[in-house]
Amino acid sequence: GSMFQSASAKNSNEVDKRMAELDSSMLEIQEKKEQIDNLLHSILPPIVASSLARGEIPPAEQYDDVTVLFSDIAGFTNISSDVPASEVMDMLHELFVKFDALADKHGCYKVETIGDAYMVAAGCPDACADHALRVANLALDMVRTAKTVTSPLDGEPIRIRVGLHSGPLMAGVVGRARPRYCLFGDTVNVASRMESNGLPGCIQTTYRFTQALPRDHPFELVSRGHIDIAGKGQMKTYLLLGSQADEAGEDPLLPVEGTVSDLGPHLL
């Protein structure tokens, strides 16, 4: 009988060992799944990510009230052509990590980055009434935070151009292999034009954006006059200079000398 006992003891040890291995495998799988879920949620809105995890592609949705922000770095082409790639990447990484934190702080959704361009929205994928307010506060923080990052080209603070516009748009997941959450429509194009026709260190906005702000907003806005926008003709634009909530000693975000004439006499 002692042979039988030792055999069964050996078997139960084997079983225990196997069970322990299974437990740790299950734990590993669970951890991996959480990592993948977290990654998906950082790339896609949670509601979209969970649909994709179930194998569904959610339909695109129409949003009526969204504010879109585009920013890019003034002189980026010069930086990237004259500086080692690793230094350009370090600069972008430092800048975008700071921008990501600000987008979170202000309740805005980072849509994507393309090269040195950074795109954010409020009012989608989660609708909210104060989308323009959120983005205005974010834009002011972004321009000021960019100055804390130095250019690897000359050690000067980075200056960004920012463009804002508000209106309706469509948003949804595009693609299966590398699904992306995309925003499309005229509102996106105009926001992008506000940035590309903007001024370094400044935030340019449309009239539509100023109308999307609450009546009692704390911002200082000045008309830049009309500028020619491809596909739109003459558009009246504004510069967002600052907020009454700014700390004392914060300078308004005016154009740098050399471009002041561009703004018309009302600033001089």
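Look up: the structure comes first, before these words.
**A short note on the pattern of salt bridges**
(1) Moving on: Counting across every chain of the model gives eleven salt bridges.
(2) Moving on: With a closest N to O distance of 3.5 Å, K98 and E94 form a salt bridge. In this pair, K98 and E94 both sit in helix α4 (residues 85–105), four residues apart, roughly one turn of the helix.
(3) Moving on: In the salt-bridge network here, residues are joined through shared partners; they are D72, R161 and E195.

**Notes on the packing of α4 against helix α5 (residues 131–146)**
(1) Moving on: Running from N to C, α4 and α5 point in directions that differ by 155°, and their axes come no closer than 10 Å. Judged by the angle between their axes, α4 and α5 are roughly antiparallel. Like other packed secondary-structure pairs, α4 and α5 cross with a definite hand, here right-handed. Of the residues in α5, those touching α4 at L95, K98, F99, L102, A103 and K105 are L138, D141, M142, T145 and A146.
(2) Moving on: By residue class, the composition of the contact of α4 with α5 is seven nonpolar, one polar and three charged.

**A short note on the packing of aromatic side chains**
(1) Moving on: Tallied over the full model, the rule gives five aromatic pairs.
(2) Moving on: Ring centres 6.2 Å apart and planes at 40° place the aromatic pair F96 and F99 in the tilted group. With F96 and F99 both in helix α4 and three residues apart, the pair spans about one turn of that helix. Note on accessibility: F96 and F99 belong to one class, buried.
(3) Moving on: With 5.3 Å between their ring centres and 40° between their planes, F96 and Y118 make a pair best called tilted. Taken together, the positions of F96 in helix α4 and Y118 in strand β3 (residues 117–122) put the pair 22 residues apart, joining distant regions of the chain. Neither F96 nor Y118 differs from the other in exposure class; each is buried.
(4) Moving on: Aromatic ring contacts, followed pair by pair, group F96, F99 and Y118 into a single cluster.

**Focus on the nonpolar core**
(1) Moving on: One finds L69, I73, M91, F99, I160, L164 and I203 to be the most contacted residues of the largest nonpolar core, which totals 37 residues.
(2) Moving on: Looking at this core, the elements that each hand over two or more residues are β1 (61–73), α3 (76–82), α4, β3, α5 and β4 (160–174).
(3) Moving on: Ranked by the residues each element gives to this core, the list is headed by α5, at nine residues.
(4) Moving on: With residues up to four places along the chain from it excluded, the contact list for I73 reads I79, M91, L92, L95, D116, I158, R159, I160 and R161.
(5) Moving on: Core analysis: the next-biggest nonpolar cluster, separate from the first, contains 20 residues, V66, L169, V173 and Y181 among them.

**Side note on a nonpolar patch on the surface**
(1) Moving on: On the surface, V15, M19 and L22 cluster together to form a nonpolar patch covering roughly 290 Å² of accessible area.
(2) Moving on: When you line up the elements, L22 lands in helix α1 (residues 2–43).

**Considerations on the side chain of S51**
(1) Moving on: Looking at the element boundaries, S51 is found in helix α2 (residues 46–53).
(2) Moving on: Look at S51 and you get buried, because its relative accessible area is 9%.
(3) Moving on: S51 has contacts with E56 and P58, leaving out every residue within four places of it along the chain.

Reading the values: the criteria
Residues numbered from 1 in each chain as written. Predicted model: local features only at pLDDT ≥ 70, side-chain atom pairs only at ≥ 80, totals over all residues. Heavy atoms only, no water. Salt bridge = Lys/Arg side-chain N within 4 Å of Asp/Glu carboxyl O. Helix = DSSP H or I, 4+ residues; strand = E, 2+ residues; numbered from the N terminus. Axes fitted to C-alpha atoms, helices over the stretch in contact; angles between N-to-C directions. Parallel < 35°, antiparallel > 145°, perpendicular 65-115°, else oblique. Left-handed = near helix turned anticlockwise from the far one by under 90°. Contact = heavy atoms within 4.5 Å. Nonpolar A, V, L, I, M, F, W, Y, C, P; charged D, E, K, R; others polar. Phe/Tyr/Trp six-rings, centres within 6.5 Å; stacked < 30°, edge-to-face > 60°. Buried < 20%, exposed > 50% of the residue type's maximum accessible area, 1.4 Å probe, protein only. Core = buried A, V, L, I, M, F, W, Y, C linked by side-chain atoms within 4.5 Å. Patch = residues over 30% accessible without salt bridge, like charges linked within 9 Å, V, L, I, M, F, W, Y side chains within 5 Å. Areas by Shrake-Rupley, 256 points an atom, 1.4 Å probe, with all protein chains shown as cover.

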